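Residue-level structure breakdown
Each chain, written out:
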Amino acid sequence: MSHARNTGPMQASPRCGAQTRNGETCRAPALRGRTRCRMHGGAWGSGAPMGNQNARTRGAFTRDRIAEQRSIRALLDDARKLLQRLS
């Protein structure tokens, strides 16, 4: 190549910084107006949906579900104690 490359702006751009699987930080350039690269959540539409739709589909950690689990656990403990007293 006979011409000089102007790589200054590309090298000066902010980097993603997300932690990779090998423990280092990602060195890909962050997208314009974002703090992450296209592979770590900077792309449009990436990330969790608004209103945490993922948790709503499962419901394992809602207040009602946690209260239900506690009452079931208490009922099982009472049944276990009753069986111990009877035997």
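Report follows, based on the coordinates. (Residues numbered from 1 in each chain as written. Predicted model: local features only at pLDDT ≥ 70, side-chain atom pairs only at ≥ 80, totals over all residues. Heavy atoms only, no water.)

Concerning the nonpolar core
Counting 5 residues, the largest nonpolar core is built from Cys16, Ala18, Cys26, Ala28 and Cys37. Residues contacting Ala28, with those up to four places away along its chain left out, are Arg15, Cys16, Cys37 and Met39. (Core = buried A, V, L, I, M, F, W, Y, C linked by side-chain atoms within 4.5 Å. Buried < 20%, exposed > 50% of the residue type's maximum accessible area, 1.4 Å probe, protein only. Contact = heavy atoms within 4.5 Å.)

Topic: the state of the cysteines
Per the stated rule, a full pass over the model turns up 0 disulfides. As a non-bridged cysteine, Cys16 has Cys37 as the owner of its nearest cysteine sulfur, 3.7 Å distant. The exposure class of Cys37 is buried, given its relative accessible area of 1%. (Disulfide = S-S within 2.5 Å.)

Focus: a nonpolar patch on the surface
A cluster of nonpolar residues, Leu82, Leu83 and Leu86, forms a patch on the protein surface that exposes about 340 Å² of accessible area. By the secondary structure assignment, Leu82 is in helix H3 (residues 63–86). (Patch = residues over 30% accessible without salt bridge, like charges linked within 9 Å, V, L, I, M, F, W, Y side chains within 5 Å. Areas by Shrake-Rupley, 256 points an atom, 1.4 Å probe, with all protein chains shown as cover. Salt bridge = Lys/Arg side-chain N within 4 Å of Asp/Glu carboxyl O. Helix = DSSP H or I, 4+ residues; strand = E, 2+ residues; numbered from the N terminus.)

With respect to the environment of Ile66
Within the secondary structure, Ile66 sits in helix H3. Judged by relative accessible area, Ile66 falls into the partly exposed class, the value being 30%. Excluding residues that lie within four positions of it along the chain, Ile66 makes contacts with Ala60 and Phe61.

Considering the environment of Arg27
In this fold, Arg27 is placed in the loop between helix H1 (8–12) and helix H2 (53–58). Measuring from C-alpha to C-alpha, the distance between Arg27 and Arg15 comes to 5.7 Å, with 12 residues separating the pair along the chain.

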